[in-house]
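Chains, contacts and geometry: an overview
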Amino acid sequence: MRVEWRLFHAQVRPVPEPLDTPRVLAGAYAGAFVSVAVLGALGLLADPVTVLVVLGALAVGLGVCARLVAAPGIAAVCWIFLNSVAITPRGRLSWAGYPEAGRIGVLLAAAVFGTVIARVSHARRAYRRTTVGHH
């Protein structure tokens, strides 16, 4: 087996850099706000599971472009919107024990899932770029 050392071109990074955490959290806030507004316009806020699924999909999408340390913030922002608009009493944050912990857990898992999927995908693409023609 022979190891061949090559320098990467300065402008081409083998793995894309994730977005800064404040930018991701701003996206979480804006995305959750828009998602809840659209669900409200469609009359779907009465079902907390629907809102949880939509905000979970948002968390996965945000996790794809974020660092892993942003996942708790993404989950917290999405949970705040879920809790204040889809869980009674509406308009106030409340804590109902295990159900709330489960909702936060689902949102956190969604954000972590998105981050892990992105990192694995980027690493696989970078590996393919660096090993093209070298089997």
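Residues numbered from 1 in each chain as written. Predicted model: local features only at pLDDT ≥ 70, side-chain atom pairs only at ≥ 80, totals over all residues. Heavy atoms only, no water.

**Some thoughts on the overall build of the chain**
Scanning the chain from terminus to terminus reveals 4 helices and 0 strands. Walking the chain from its N terminus toward its C terminus, one meets helices and strands in the order α-α-α-α. By sequence separation, contacts in the chain at least 24 residues apart represent 71% of the contacts at least 6 residues apart. Total accessible area on the chain stands at roughly 8700 Å², and carbon and sulfur atoms take up 70% of it. (Helix = DSSP H or I, 4+ residues; strand = E, 2+ residues; numbered from the N terminus. Contact = heavy atoms within 4.5 Å. Areas by Shrake-Rupley, 256 points an atom, 1.4 Å probe, with all protein chains shown as cover.)

**Overview of the pattern of salt bridges**
Under the criterion given, the structure shown has 3 salt bridges. Salt-bridge contacts for Glu17 lead to Arg67; the nearest nitrogen and oxygen are separated by 2.5 Å. You can see Glu17 sitting in the segment before α1 (21-41) and its partner Arg67 sitting in the loop between α2 (48-64) and α3 (71-85), a full 50 residues away along the chain. Relative accessible area serves as the criterion here: at 46%, Glu17 is assigned to the partly exposed category. By relative accessible area, which is 28% here, Arg67 ends up partly exposed. Within this structure, Glu17, Asp20 and Arg67 form a network of salt bridges that share partners. (Salt bridge = Lys/Arg side-chain N within 4 Å of Asp/Glu carboxyl O. Buried < 20%, exposed > 50% of the residue type's maximum accessible area, 1.4 Å probe, protein only.)

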